[in-house]
Amino acid sequence: MPQEDRRKKRLDRGVKVRTEGIYAISAPRDIAYLLIPRLVLILGLLILPLLLQNIYWQKVLCIICVFGLLSLSFNFLTHFVGIVNLGNAFFVGVGGYTSAVLQSSFKLSPVLSIIAGTFGGALISTTLLLPCLPARGIYFAIASLMYPLLFPRIIEALNIFGGTDGVIGITTFPNIWVDQYLVIIVLLVTLFALRRLVNEDFGLILRGIKDNDQAIRASGIGVTWYKTQGLFIASAIGCFTGAYLVHLYGWAGISLFGLDFSIFPIAVSVVGGSGALVGSVVGSLILVPMSETLRAFGTLRIMIYCLILVGFITLKPEGLMRYFTRKYEQFEHWTRV
Amino acid sequence: MGILIYSVVVSITLLLTAIGFALVYGVSRLANFAHGGLYILTGYLVWGFLNKLGVNYIGATILSLIIVAVVGATIYQFVLKRVRGMPESEIIASFSLALGIMEGLRSLGLVGFAYTIPVFVRGTVVVAGVPVDWQRLIIIGVGLGVVAFLWVFTHYTKPGLALRAMAQDERAAMMLGIDSDLMAVVCLALGSALAAVAAITILPLGNITVETGYNVLIYAVAVCVIGGLGSWPGAVVAAFILGFAQILTTAYLSPQWHMVVVLLAILLTFIVKPSGLLGRQKQLEERV
């Protein structure tokens, strides 16, 4: 067939249609269809630390999960709440510093200080971002871009929290297994909890706000309040990664506000698949090891991420995960127009 | 008196950096985050032409202007055009382009104090008892010139009128036979050239550093947000407010607080009047 008078026809696979309702549990094949992708992800992530012998790659796995979490937070904010946050590093920094300061001044146990860093940090960053929340799109993007650039300067200018040296001497985790499994389990729980959440009423309202906030307001629902809740959830995820990183390295510094933490999660979620939450984890599993192998290039790495990002967003805007989902759920063939 | 004069200089500086961004956003509703990257790119281009290729000063500036304008047009044609109408993708794409340009320049090793471009005229002059160097006076001149040029361009020339028509109602403009994609390319080229003009006039005052790119982006955006996105008179007013606020903080606090002042100004704008000082468009939609 010549190129111009054909188009791709897509049909759902029978098994996909059958497994949409309660009848999914009627046949082993249908159950397998539903369970296999999920189990591959869960078991794969849980077994991966046992397979990696090298301590370097075990640390890389931790970073993969950290960026997976950050990207989940970005993905959730962008595609379900409708606010583009260019300053993920702000969450990392606030969570990290909160946790580090609490730990070093009150000698809290790591468990408590991570929890305090997560929720305290989320509270702080949500409060600070609150004035920007009524703004949408580019307005919020600009303001959120400024926060992580601003805070290191304030810390330097006031010389608080250890100034440029950062907060040192923070208790680290007892061993590498705690390092890995803590963040893996948090990642999996967050992923599935968010997936559940966006299909609840709460998620429906959030998506409604994204698509048409005037309509939501006309239904008598307070838009800003729901946005605040969404922002709190996203910032709690971001702050957790900050608190975790601080305890992983035993140190909190202004590099927590660094550009890597802002741009890399965006790249991860675009490559993984915008709007598909699992895409964040998949994207992170691909991009972080790649970035580790590019470490020799120094700051050229950031340029490479940017090129990948621009390439994906213009040429393959659906991302990898959507592509795979489509292949899994549908078959497609060419038909004459 | 010194405070007054330097405030005016800083205000015009801000205005110069912001006007290209305001133009692009006003016409095509595209937030060109690559603005800071283009600004800094111009600096390095001029430096490269002068010191590596031995082109004379006028040639170097004109060549850099043309190259940056072409880069801006290319960015629209190959990247932004494909994602128009999707705000998230627009922001992400242009922001990552900006980062790509700036971090690419950084990784080429273009960091240090060696990178400066010459001033137009050396020396200082005493204005009302305050010594001011010529370059700063030239900034004021160029700034006013650019504003005047833009006003004439958008009020009395055909492409300028077409740009304004697009800013007001893109569909109606298309019905009148204005090619909206072509005009957006022109607009991005013009906006990038304005960034380049700003770079050529302002950068001689200091070193060319990659951080300048980020600052320029933030200040440009701040000016536009405070003035009202897409409103040029607003940008002028906001540039003066921010300029005076900055000099006053430097005089009475310390320069580290510049950014804080900018952020506070933005937040205040969001709280009090989200559409900006003189922004009229989309007032209802932005405020939810």
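Right above here is the structure, for reference.
Description of the structure in this document. Keep in mind that this is a model prediction, so the values were computed, not measured.

1. Thoughts on the overall build of chain A
Scanning chain A from N- to C-terminus turns up 14 helices and four strands. Overall, the C-alpha framework of chain A stretches about 70 × 55 × 40 Å when taken along its three principal axes. For chain A, buried positions account for 45% of its 337 residues. Long-range contacts, defined here as pairs at least 24 residues apart, represent 78% of the contacts in chain A between residues at least 6 apart.

2. A short note on the interface of chain B and chain A
Listed by partner, the interface residues are 37 residues for chain B and 39 residues for chain A. For the side of chain B that touches chain A, the secondary-structure elements that each account for two or more residues are helix H4 (87-107), helix H9 (210-227) and helix H11 (258-272) of chain B. With 15 residues, H4 of chain B is the single largest residue contributor to the side of chain B that touches chain A. For the side of chain B that touches chain A, the per-class residue count stands at 24 nonpolar, seven polar and six charged.

3. A word on the nonpolar core
Residue and element names in this part refer to chain B. The biggest cluster of nonpolar side chains holds 199 residues, and the ones touching the most others in it are Ala18, Val223, Cys224 and Ala235. Broken down by element, the residue count for this core peaks at 17 residues, all from helix H8 (residues 180-202). Discounting chain neighbours no more than four positions away, the residues touching Val223 are Leu14, Ala18, Ala235, Ala238, Ala239 and Leu242.

4. As for unusual backbone geometry
All names here are of chain A. In the Ramachandran plot, Lys107 falls in the positive-phi region, its phi being about 55° despite a non-glycine side chain. Tracing the sequence through the fold places Lys107 in the loop between helix H4 (88-106) and helix H5 (110-129). Taking the number of C-beta atoms within 10 Å as the measure of exposure, Lys107 has 9 and is therefore exposed.

5. Side note on H5 of chain A
Spanning 20 residues, H5 of chain A covers 27 Å between terminal C-alpha atoms, matching the ideal 28 Å at 1.5 Å per step. Residues of H5 of chain A that are buried: Pro110, Ser113, Ile114, Ala116, Gly117, Thr118, Gly120, Gly121, Ala122, Ser125, Thr126 and Leu129 of chain A.

6. Here's the deal with the packing of helix H11 (residues 259-272) of chain A against helix H12 (residues 277-293) of chain A
All names here are of chain A. In contact at an axis separation of 7 Å, H11 and H12 are set at 110° when each is read in the N-to-C sense. Accordingly, the angle class assigned to the pair H11 and H12 is roughly perpendicular. Helix-helix and strand crossings are classified by hand; for H11 and H12 the assignment is right-handed. Contact residues: H11 offers Ala267, Val268, Ser269, Val271 and Gly272, while H12 offers Gly279, Ser280, Val282, Gly283, Ser284, Ile286 and Leu287.

7. Structural notes on helix H7 (residues 176-199) of chain A
Every α-helix winds through 3.6 residues per turn, so residues three or four apart in the chain are directed the same way. All names here are of chain A. The end-to-end C-alpha separation of H7 is 35 Å, in line with the 34 Å expected for 24 residues at 1.5 Å each. Looking only at H7, the buried set comprises Asp179, Gln180, Val183, Ile184, Val186, Leu187, Thr190, Leu191 and Leu194. Check the buried side of H7 and you find it contacts helix H2 (28-51), helix H3 (55-81), helix H10 (223-249) and H12.

8. Thoughts on the packing of H11 of chain A against helix H14 (residues 319-329) of chain A
Residue and element names in this part refer to chain A. Axis separation between H11 and H14 bottoms out at 3 Å; the angle between their running directions is 20°. As judged from the angle between their axes, H11 and H14 are roughly parallel. Contacts from Val270, Val271 and Gly272 in H11 reach Gly319, Leu320 and Met321 in H14.

9. What to know about the environment of Thr228 of chain A
Residue and element names in this part refer to chain A. Here Thr228 lies in helix H10. On the basis of neighbour counts, which here come to 17 C-beta atoms within 10 Å, the residue Thr228 falls in the partly exposed class. With 140 residues separating them along the chain, Thr228 and Asn88 place their C-alpha atoms 16 Å apart. Here Thr228 is in contact with Thr126, Leu130 and Leu133, once residues within four sequence places are set aside.

Conventions and cut-offs
Residues numbered from 1 in each chain as written. Chains lettered and ligands numbered in written order. Predicted model: local features only at pLDDT ≥ 70, side-chain atom pairs only at ≥ 80, totals over all residues. Helix = DSSP H or I, 4+ residues; strand = E, 2+ residues; numbered from the N terminus. Buried ≥ 20, exposed ≤ 12 C-beta atoms within 10 Å, placed from the backbone. Contact = placed C-beta atoms within 7 Å. Nonpolar A, V, L, I, M, F, W, Y, C, P; charged D, E, K, R; others polar. Core = buried A, V, L, I, M, F, W, Y, C linked by C-beta atoms within 7 Å. Expected span 1.5 Å × (residues − 1). Axes fitted to C-alpha atoms, helices over the stretch in contact; angles between N-to-C directions. Parallel < 35°, antiparallel > 145°, perpendicular 65-115°, else oblique. Left-handed = near helix turned anticlockwise from the far one by under 90°.

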